[in-house]
Amino acid sequence: TIEYKKTLEDETKEEILALAIVELRDKFKSVSSVAIVPFLPDTDIKGVDFIVPQRGDKHTLLQLSQRNVAQYRVDKYKQAERLNPEQRHVRLLTEVQKKLHLETMPRTIDCFDNSNISGSDAVAACVVFKMGKPSKNDYRKYIIKTVVGPDDYASMAEVVRRRYSRFIDESIAFPDLILTDGGKGQMEVVRKVVEDELHLKIPIAGMAKNEHHRTNEILIGNPPIVVGMGVKDEVFQFFTRIQDEVHRFAISFHRDKRSKSQIKSELDTIPGIGKMTKQALLQHFKSLKRIKEADIQELMQVVSKSKANIIKNYYNKV
């Protein structure tokens, strides 16, 4: 059997096989009187018998040839992707489009995640993947403004509304796919904002978790349906990479915000130390710990002697 790539859409497989046999016999000057084939070609060659074996050694030989062709194609794809990494991303996104039944290739994907601890310092994040790769210049952080307490659904609605309302106002291109870090509930929250409020048509996919809080399903559509794929599927692993990235980005932002809030609240309790002094101290010492550990002389490099004494006396009492 052979791999013959010079195909035309209006040719049958029998015609393609016939063309390939003729070309290869001419190229390699073959005078073989027997040709083992997976099906009969649409041609007759004088002095050549075509055999389509169903069992026995010839059938084993045909199966081996077909496996060799399949492996050859895989090797050729891998070689091409090593030489041109963009080709791999195009192939991956084409597979995403196919499995999710999208109208267009998802060249741009937005993924959202919320982060809060007991409702404090609630934030959200959006990471953007373009042509299968993280586009960090397009990442965005959001401080939740309208939601009181730990309400992930309301926080998600606020962030999605703010993001795409701005896109509308500033004529920014919308993503080809929105990915939510959650299942049906998160998808419905996003859909209501995107479709019902903003009247946009953007496909929405979700990543549903099992009882162990591990993502085990990809959902798409309204109502959401499970996309048939295993956890080792290339598309599933691509989505989990996006999910891991948005988790990392959101948690990093949340930790940074909590840290700044704690520093701000503690410095605010020192009487006689104003906003400008606090900023100068943090800019010089970089952390609250270093301010606490500084002696009078070190503090006086930034503030007056009287303020240095106030700060030192405060921390000596704490």
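From a predicted model like this one, the values you see are computed outputs, not experimental measurements. (Residues numbered from 1 in each chain as written. Predicted model: local features only at pLDDT ≥ 70, side-chain atom pairs only at ≥ 80, totals over all residues. Heavy atoms only, no water.)

Asker: Even after reading the chapter, I still don't get the layout of surface pockets, so can you show me in this structure?
Answerer: Over the atoms a probe the size of a water molecule is rolled, and this reveals where empty space is left. Volume-wise, the largest pocket comes out at about 420 Å³. Around the largest pocket sit 20 residues that line it, and Leu 102, Ile 202, Pro 203, Ile 204 and Ile 220 are the ones nearest its centre. Here the element with the most residues in the lining of the largest pocket is helix 5 (residues 184-197); it accounts for 5 residues. A per-class count over the lining of the largest pocket returns 9 nonpolar, 4 polar and 7 charged. (1 Å grid on protein atoms, 1.4 Å probe; cavity = no way out; pocket = protein on both sides within 12 Å on 5 of 7 lines; lining within 4 Å. Points joined across faces, edges and corners; volume = space filled by probe spheres on them. Helix = DSSP H or I, 4+ residues; strand = E, 2+ residues; numbered from the N terminus. Nonpolar A, V, L, I, M, F, W, Y, C, P; charged D, E, K, R; others polar.)

Asker: Would you mind showing me how to read the pattern of salt bridges here?
Answerer: Side chains bearing opposite charge may pair, as long as their charged atoms lie close to each other. For the structure shown, the criterion picks out 15 salt bridges. Arg 191 is the partner of Glu 188 in a salt bridge, and the nearest nitrogen-oxygen pair spans 2.9 Å. In this pair, Glu 188 and Arg 191 are both assigned in helix 5, 3 residues apart and thus about one turn of the helix distant. For Glu 188, a relative accessible area of 28% gives the class partly exposed. Residue Arg 191 is classed as buried on the basis of its relative accessible area of 12%. Its salt-bridge partner being Arg 248, residue Glu 245 comes within 2.9 Å of it at the nearest N-O pair. Of this pair, Glu 245 and Arg 248 are both found in helix 6 (residues 234-268), 3 residues apart, which corresponds to roughly one turn of the helix. What makes Arg 248 partly exposed here is its relative accessible area of 40%. One network of salt bridges, with partners in common, ties together Glu 188, Arg 191, Glu 195 and Asp 196. (Salt bridge = Lys/Arg side-chain N within 4 Å of Asp/Glu carboxyl O. Buried < 20%, exposed > 50% of the residue type's maximum accessible area, 1.4 Å probe, protein only.)

Asker: Looking at this model, I keep getting lost on the side chain of Asp 233. Mind explaining?
Answerer: Considering the arrangement of structural elements, one finds Asp 233 in the loop between strand 10 (225-226) and helix 6. Separated by 2.7 Å, the side chain of Asp 233 and the backbone nitrogen of Val 235 make a polar contact. (Polar contact = N/O pair within 3.5 Å; in protein donor to acceptor, adjacent residues only side chain to side chain.)

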